[in-house]
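# Summary of the model geometry
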Amino acid sequence: MTISAADLADFIERLDAASARHEQALNAADARLGDGDTGSMLKRILAAMVAADARQSDDLPGAARRLAQATMKETGSSLGTLVATALMTLARQADARDGVLAAGDMADVTSAIADAVAERGKASAGDKTVLDSLQAVAEALRAGPATEATAASAARAALEEFRGRPCRIGRARMFPERSMDADDPGMLAAALLLDDVETIDAQ
């Protein structure tokens, strides 16, 4: 079964609904060592993508690019830049497969997204960022099954694995002891939103 523009639009709509439920929790997590706006910024980005309506695109690569453009138009924040980078990587990965992706491709696609995010954000594995979540999800999808439940479980496991470790990049790196007790907001967002999306999909 292949992934269509409509499938991507549906996934974004479910992420948007989940972001509304977790907006304040993500803001609170970010406020411990950051600006306190991760939840609100993520909600803005996802709302902009929903409004862009990926279903209007003819194919998956076009849908991903449409969402990337909506993200960049909405915000030039570092979070927006990473989200747009992920979407453009998704588009290129689909282009490389004649515009078509299947569930079995998502391990390689997620790995490519992780590499692109690492390059753009100047992060490395083990820095305690969303990169670690993406790498964990890619590994889990490769082991199978390639489902949303697998991705959600991997994101939760990564969050728990890094809890108690210091952040090694960004503002939080200046407070290593304090960051050990704090969840990285990006990793927390990945865990909470994917968990919600998987739960909604299972209903």
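Rules of the game
Residue indices follow the written sequence of each chain, beginning from 1 at its first position. The model is predicted, so local features are restricted to residues of pLDDT at least 70 and side-chain atom pairs to those at 80 or more, both for listing and for counting; the totals for chains, interfaces and linings are taken over all residues. Side-chain descriptors were evaluated using all non-hydrogen atoms of the structure, hydrogens and water having been removed beforehand. Salt bridges are identified by distance alone: a Lys or Arg side-chain nitrogen within 4 Å of an Asp or Glu carboxyl oxygen. Helix and strand definitions follow DSSP, with helices as H or I runs of at least four residues and strands as E runs of at least two, each counted in order from the N terminus. Burial here depends on accessible area, computed with a 1.4 Å probe over protein chains only, as a share of the maximum for the residue type. Under 20% is buried, over 50% is exposed, and the range in between is partly exposed.

As a further point, take the pattern of salt bridges. Here the structure, examined in full by the defined rule, presents 13 salt bridges. Between Glu74 and Arg44 there is a salt bridge, with the nearest N and O atoms lying 3.0 Å from each other. Here Arg44 lies in helix α2 (residues 38-52) and Glu74 lies in helix α3 (residues 60-74), a separation of 30 residues in the sequence. The exposure class assigned to Glu74 is partly exposed, which follows from its relative accessible area of 29%. Close ionic contact of Arg97 with Asp105 constitutes a salt bridge, the shortest N to O distance being 3.5 Å. On the basis of relative accessible area, Arg97 is assigned to the partly exposed category, the value being 24%. In this structure, a network of salt bridges that share partners links the residues Asp10, Arg14 and Glu148.

One can find Asp37 in the loop between α1 (5-31) and α2. The exposure class assigned to Asp37 is partly exposed, which follows from its relative accessible area of 33%. Expressed as a C-alpha distance, the spacing of Asp37 and Leu188, which sit 151 residues apart in the sequence, is 13 Å.

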